[in-house]
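# Architecture and fold: a report
Spelled out, the chains give:
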Amino acid sequence: MTKRPLRESPGRIRSLLNFVGGRFVDGGTPFDILNPATGAVHAIAYEADRAIIDTAVAAARSAIDGEWGRMPLAKRRALLARVADLIEARFDEFLEAEIADTGKPHTLAHHLDIPRGAANFRVFADAIANMPAETFEMDTPDGGKAINYAVRKPLGVVAVISPWNLPLLLMTWKVAPAMACGNAVIVKPSEETPSTTTLLGEVMNEAGIPAGAFNVVHGFGPNSAGELLTSHPGVRAITFTGETRTGTEIMKAAAPTVKALSFELGGKNAAIVFDDADIPAAVTGLARAVFLNTGQVCLAPERIYVQRGVFDAFVAGMKAKAEALKPGLPHDSGVDLGPLISAGHRAKVLGYYALAVEEGATVVTGGGVPKLDGPAADGFFVQPTLWTGLPHDARICREEIFGPAAAIIPFDSEEEAIALANDSEYGLAASIWTTNLSRAHRVGQAMEVGISWVNCWFLRDLRTPFGGAKMSGIGREGGHHSINFYSEPTNICIKL
Ligand code: NAD
Ligand code: 6OD
């Protein structure tokens, strides 16, 4: 019998079991899941041991060799569309689970995280049907002809290792195309945010996805479920979103069995505001970019280069936006700034706030912890923070902070702005603000990044390539780029 994973118990602590072979299974070592808005424990998850990971890999393999692997494409697509329908039907359960794990404002999870969870399944159920076939006719040495065509096959068992900042969104962004291609997946959600991934196990059963095609194992990274999974010989591919340093560890674990890798890693994103820009629009757009999800978005700009003539007006506008943000509990009216994910992450971000001052910053606003009453007083909140006066080579301008903070730096010429923006070991995203059409193309193309947004930020068409240059990632996902990663072609050459 399938057990419910989110069992209510006295004190409303939920149990998040591992989901293996279509069942919620007992076992593993319990660990606490905190609500970062209050610091209180709201769930217990069970760290998967080697035996649970082995069982998950075996279950995934048998799904590929069994009903899931043999399923006609039309049926697979219909089941994935049904998963999207069921996420929407259980919208409020996903919403409350995501809010409990992350403490993020209700409006944010309502408009971004949960809708994208459903959309990811719809988009890739369509994308798999729209992949063009590759065929080539050739002349043969004996004067005849041959034709070549390629058929796409799933890779096999795919490990999905996901982070805590946009848990359902980023996990389903990988799970949906992997399953659309016919792979079986084993997800290891972040140890901070396992609830929505666990709930998705229930949805998979309800949708009729065959047992073993979707599995969830809980736990940590090193010496835990993450490492056991990424080094497992039965896993053929790893799709990972998280820190660049973690990516290097996963590469090492994957090397002995030559697994395929897709990595979406850290960033130190730049924004550029030219003096021909619509400044109120740039202020509104970049305040959203810096502070959305309390700055815990890999694409968020933490370096904003502003042309000298509009520098003061831009800084004043950003300061006003930052000071208008209201921190607090997710369901409280008007709250638009949640906590950071954990006490540890808050200590890291506050360490950067102190470093900025040591490095000579002028604190335009913020720089500390807001005073909050009630349960939020024990949450992991920080103030939205802006700095000026930092040299471009300060650590604050080079290292990823992953909090609601940005350095604002003046520049004089377009060439200088391009050089400053590109002077980073990362290369994820850029946001450029200008009304000059030629400049928009010129600067957009000059950015050494995976995504350049012009007069906007985080505007997503899920068919487009998404990923990072330099140390921000390996490969591209989105639309047919995802299908290319999660499947591999076999070429068939027929002599006519
Ligand atoms: P993280 O790297 O600490 O953890 C991500 C996941 O990896 C977690 O599930 C964790 O348990 C697991 N993990 C950690 N060590 C591991 C190991 N040795 N082996 C296997 N698994 C391991 O990242 P995070 O703190 O959860 O997320 C924040 C980071 O993610 C930031 O750097 C951010 O920029 C990045 N990120 C990037 C993108 C992108 O699209 N490029 C998107 C979101 C987040
Ligand atoms: O929108 C997406 O598909 C995506 N991967 C967003 C990443 C956000 C990083 O925090």
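### Some words on the pattern of salt bridges
Counted by the stated rule, this structure contains 26 salt bridges. When the shortest N-O distance is used, the salt bridge between Lys-268 and Glu-302 registers 2.7 Å. Within this pair, whereas Lys-268 is found in the loop between strand E12 (260-264) and strand E13 (269-273), its partner Glu-302 is found in strand E14 (residues 301-307), the two being separated by 34 residues in sequence. Assigned by exposure class, Lys-268 and Glu-302 land together as buried. A cluster of three or more residues bridged by salt bridges with shared partners is formed by Arg-90, Glu-93, Glu-202 and Glu-206.

### Some points on helix H10 (residues 279-291)
Between its first and last C-alpha, H10 extends 18 Å over 13 residues, near the 18 Å set by a 1.5 Å rise per residue. Here H10 has its buried residues at Ile-279, Ala-282, Val-283, Gly-285, Leu-286, Ala-287, Ala-289, Val-290 and Phe-291. Residues of H10 that are buried make contact with E13, E14, helix H11 (311-324), strand E16 (385-388), strand E17 (405-411) and strand E19 (429-433). Backbone geometry just after H10 places Asn-293 at a positive phi near 60°.

### Section: the sheet that holds strand E7 (residues 145-154)
Taking strand neighbours across the sheet as the criterion, the three strands line up as E6-E7-E23 in an open arrangement whose pairing is antiparallel. The sheet is open, and its two edges are formed by strand E6 (135-139) and strand E23 (487-495), each paired on a single side. The average angle at which neighbouring strand axes cross in this sheet is 25°, direction not considered. As paired elements, E6 and E7 share five bridges and run antiparallel to each other. Counterpart to Thr-135 in the pairing with E7 is Tyr-149.

### Details of the pairing of E13
The element E13 is largely enclosed, with a buried count of five among its five residues. The side-chain alternation of E13 yields two buried faces, one formed by Asn-269, Ala-271 and Val-273 and the other by Ala-270 and Ile-272. With five bridges joining them, E13 and E14 adopt parallel strand pairing. Looking at E14, one finds that Asn-269 is bridged to Pro-301. Following the chain from E13 across H10 to the adjacent parallel E14, one finds a crossover that is right-handed.

### With respect to the domain arrangement of the protein
According to the domain assignment, the protein consists of domain 1 (14-265 + 472-495) and domain 2 (269-463). For domain 1 versus domain 2, the separation of C-alpha centres amounts to 31 Å. Counting residues at the interface gives 33 residues for domain 1, matched by 33 residues for domain 2. Looking at the side of domain 1 facing domain 2, the largest losses of area belong to Pro-36, Trp-164 and Ser-472, adding up to 22% of the total buried there. At the junction of domain 1 and domain 2, the tally comes to nine residue pairs in polar contact (both at pLDDT 80 or more). Residue contributions to the side of domain 1 that touches domain 2 peak at eight residues, all from helix H5 (residues 106-127).

### Comments concerning the site of ligand 2
Around ligand 2, a shell composed of Arg-116, Asn-165, Leu-166, Leu-170, Trp-173, Glu-264, Val-297, Cys-298, Leu-299, Phe-458, Arg-460 and Phe-466 is seen. Interatomic distance of 2.8 Å between a side-chain N/O atom of Arg-116 and an oxygen atom of ligand 2. The backbone of Cys-298 places a nitrogen or oxygen atom 2.8 Å from an oxygen atom of ligand 2. Taken together, the residues of the shell around ligand 2 sort by class into eight nonpolar, one polar and three charged. When residues of the shell around ligand 2 are assigned to domains, at least three map to each of domain 1 (14-265 + 472-495) and domain 2 (269-463).

### Section: the site of ligand 1
Close contacts around ligand 1 come from 31 residues, with Lys-188, Glu-191, Thr-246, Leu-265 and Glu-400 the closest. Note that an oxygen atom of ligand 1 is positioned 2.8 Å from one of the side-chain N or O atoms of Lys-188. Contacts to ligand 1 include Glu-400, whose side-chain N or O atom sits 2.5 Å from an oxygen atom. Starting from 840 Å² of accessible surface for ligand 1 in isolation, the protein chains cover 92%. The set of elements that each furnish at least two residues to the shell around ligand 1 consists of helix H8 (225-230), strand E11 (237-241) and helix H9 (244-254). Taken together, the residues that form the shell around ligand 1 break down as 14 nonpolar, ten polar and seven charged. Each of two domains, domain 1 (14-265 + 472-495) and domain 2 (269-463), supplies a minimum of three residues to the shell around ligand 1.

### Looking at the packing of aromatic side chains
The description of an aromatic ring pair rests on the distance of the ring centres and on the angle between the ring planes. The final tally for this structure, using the stated rule, is eleven aromatic pairs. Here Phe-19 and Phe-214 contribute two aromatic rings whose centre-to-centre distance is 6.2 Å and whose plane-to-plane angle is 50°, an arrangement assigned as tilted. With Phe-19 in strand E2 (residues 18-20) and Phe-214 in strand E10 (residues 214-216), this residue pair connects regions lying 195 residues apart in the sequence. By the burial criterion, Phe-19 is buried, and Phe-214 matches it. Where Phe-240 meets Phe-263, the ring centres are 5.6 Å apart and the plane angle is 75°; that geometry is what we call edge-to-face. Within this pair, whereas Phe-240 is found in strand E11, its partner Phe-263 is found in strand E12, the two being separated by 23 residues in sequence. Comparing Phe-240 with Phe-263 shows no difference in burial state: the two are buried. The ring of Phe-274 carries Arg-439 above its face, with NZ or CZ at 4.2 Å from the centroid. The ring of Trp-173 has Arg-460 sitting right over it, with the charged end atom 5.0 Å from the ring centre.

Quick notes on the rules
Residues numbered from 1 in each chain as written. Chains lettered and ligands numbered in written order. Predicted model: local features only at pLDDT ≥ 70, side-chain atom pairs only at ≥ 80, totals over all residues. Heavy atoms only, no water. Salt bridge = Lys/Arg side-chain N within 4 Å of Asp/Glu carboxyl O. Helix = DSSP H or I, 4+ residues; strand = E, 2+ residues; numbered from the N terminus. Buried < 20%, exposed > 50% of the residue type's maximum accessible area, 1.4 Å probe, protein only. Expected span 1.5 Å × (residues − 1). Contact = heavy atoms within 4.5 Å. Pairing = 2+ DSSP bridges. Axes fitted to C-alpha atoms, helices over the stretch in contact; angles between N-to-C directions. Right-handed = clockwise from strand over helix to strand, strands pointing away. Domains from an automatic or database assignment. Buried area = accessible area lost by both parts, 1.4 Å probe. Polar contact = N/O pair within 3.5 Å; in protein donor to acceptor, adjacent residues only side chain to side chain. Near = heavy atom within 4 Å. Nonpolar A, V, L, I, M, F, W, Y, C, P; charged D, E, K, R; others polar. Areas by Shrake-Rupley, 256 points an atom, 1.4 Å probe, with all protein chains shown as cover. Phe/Tyr/Trp six-rings, centres within 6.5 Å; stacked < 30°, edge-to-face > 60°. Lys NZ or Arg CZ within 6 Å of the ring centre and 35° of its normal.

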